[in-house]
Amino acid sequence: MYELYVYAHTVRCIVKHLNAKPKYLGRLSIGIDATRLYFNRYPKKLSRIITHITKGKTPRPDILAIVDGRSIVIDAKYRRFDSEKPRLLRLSDAERIAAYMLDACKDTVFRAIIAGLSKPPQQLLERIISKAITLNGKRMRVDFVEVNPDMEPEGVDDIANYLLQS
């Protein structure tokens, strides 16, 4: 449910920012001007690796956004990241997100957004950003945003701004 909450509010914010009408593309996919949002799937033609080695199975990220040809993976985690000793992601989650980025992102920066009930502490975010690596000329960038249904969903605005300006 949290993934759908993040998706619905992201669509709403992008529609508001672009002042455009969304177009239903089928299977919970929405087009808004040059932006495409896919919920829990993306078209086989976007897959560079996974579909070809899994007998046609399509990867299933929570959300994949295509903005002006750039792909951004959005993963929604219904958990807080601001505890004393935050455990951000399980290894399997991180591996899956990295696989989605490698499979769907074709530009020079592979991007992912992790939405959670809170953001990690600032010093941890800074360390994550400073450790971002370049892999075969491609930079990997992971950002965390806060999207808490118990509060005003400002983080969804952060997602929309990030998508439209990155």
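All values reported here derive from a predicted model rather than from experimental measurement.

**Things to note about the overall build of the protein**
Here is step 1: Regarding its fold elements, the protein presents 5 helices and 8 strands.
Here is step 2: Helices and strands in the protein line up, N terminus first, as α-β-β-β-α-β-β-α-β-α-β-β-α.
Here is step 3: On C-alpha atoms alone, the protein measures out to a radius of gyration of 15 Å, which is about the 15 Å that the 2.2 N^0.38 rule sets for 166 residues.
Here is step 4: Projecting the C-alpha coordinates of the protein onto the three principal axes gives extents of approximately 40 × 35 × 25 Å.
Here is step 5: The long-range share in the protein, meaning contacts at least 24 apart out of those at least 6 apart in sequence, stands at 63%.
Here is step 6: Per element, the accessible surface of the protein, about 9300 Å² overall, is 53% carbon and sulfur.
Here is step 7: Averaged over its 29 positive side-chain charges, the protein has a centre that lies 9 Å from the centre of its 19 negative ones.

**Concerning the pattern of salt bridges**
Here is step 1: Under the counting rule described, the total for this entry stands at 7 salt bridges.
Here is step 2: Between Lys77 and Asp93 there is a salt bridge, and its shortest N-O distance comes to 3.3 Å. Here Lys77 is found in the loop between strand E5 (70-76) and helix H3 (91-104), whereas its partner Asp93 is found in helix H3, with 16 residues between them in sequence. In this pair, the class of Lys77 matches that of Asp93, namely buried.

**Quick notes on the pairing of strand E2 (residues 29-32)**
Here is step 1: Side chains Ser29 and Gly31 project from E2 onto one buried face, and the interleaved Ile30 and Ile32 project onto a second face that is buried too.
Here is step 2: Two elements, strand E1 (residues 23-26) and E2, share 3 bridges in a ladder whose sense is antiparallel. Bridging from a neighbouring strand, Lys23 pairs with Gly31 of E2.
Here is step 3: Once E1 ends, the chain turns through 2 residues before running back antiparallel as E2, passing Arg27 with a positive phi of about 50°.
Here is step 4: Bridging between E2 and strand E3 (residues 35-39) involves 4 bridges; their strand directions are antiparallel. Considered in E3, the bridge of Ile30 is made with Leu37.
Here is step 5: What sits between E2 and E3 in their antiparallel hairpin is a turn of 2 residues, with Asp33 showing a positive phi close to 50°.

**Remarks on the nonpolar core**
Here is step 1: Counting residues in each nonpolar core, the largest one holds 28 residues, and the members touching the most others are Val6, Leu37, Ile159 and Leu163.
Here is step 2: Among the elements of the structure, helix H1 (2-18), E2, E3, strand E4 (63-67), E5, strand E6 (109-116) and helix H5 (154-165) are those that each provide at least two residues to this core.
Here is step 3: When sequence neighbours within four positions are dropped, the list of residues in contact with Ile159 reads Val6, Thr10, Ile74, Ile113, Ala115, Val145 and Val147.
Here is step 4: Grouped together as the second largest cluster of nonpolar side chains are 20 residues, Phe81, Leu88, Ile97 and Phe144 included.

Reading guide: rules and limits
Residues numbered from 1 in each chain as written. Predicted model: local features only at pLDDT ≥ 70, side-chain atom pairs only at ≥ 80, totals over all residues. Heavy atoms only, no water. Helix = DSSP H or I, 4+ residues; strand = E, 2+ residues; numbered from the N terminus. Rg over C-alpha atoms; globule rule 2.2 N^0.38 Å. Contact = heavy atoms within 4.5 Å. Areas by Shrake-Rupley, 256 points an atom, 1.4 Å probe, with all protein chains shown as cover. Lys, Arg positive; Asp, Glu negative; His and termini not counted. Charge placed at Lys NZ, Arg CZ, Asp CG, Glu CD. Salt bridge = Lys/Arg side-chain N within 4 Å of Asp/Glu carboxyl O. Buried < 20%, exposed > 50% of the residue type's maximum accessible area, 1.4 Å probe, protein only. Pairing = 2+ DSSP bridges. Core = buried A, V, L, I, M, F, W, Y, C linked by side-chain atoms within 4.5 Å.

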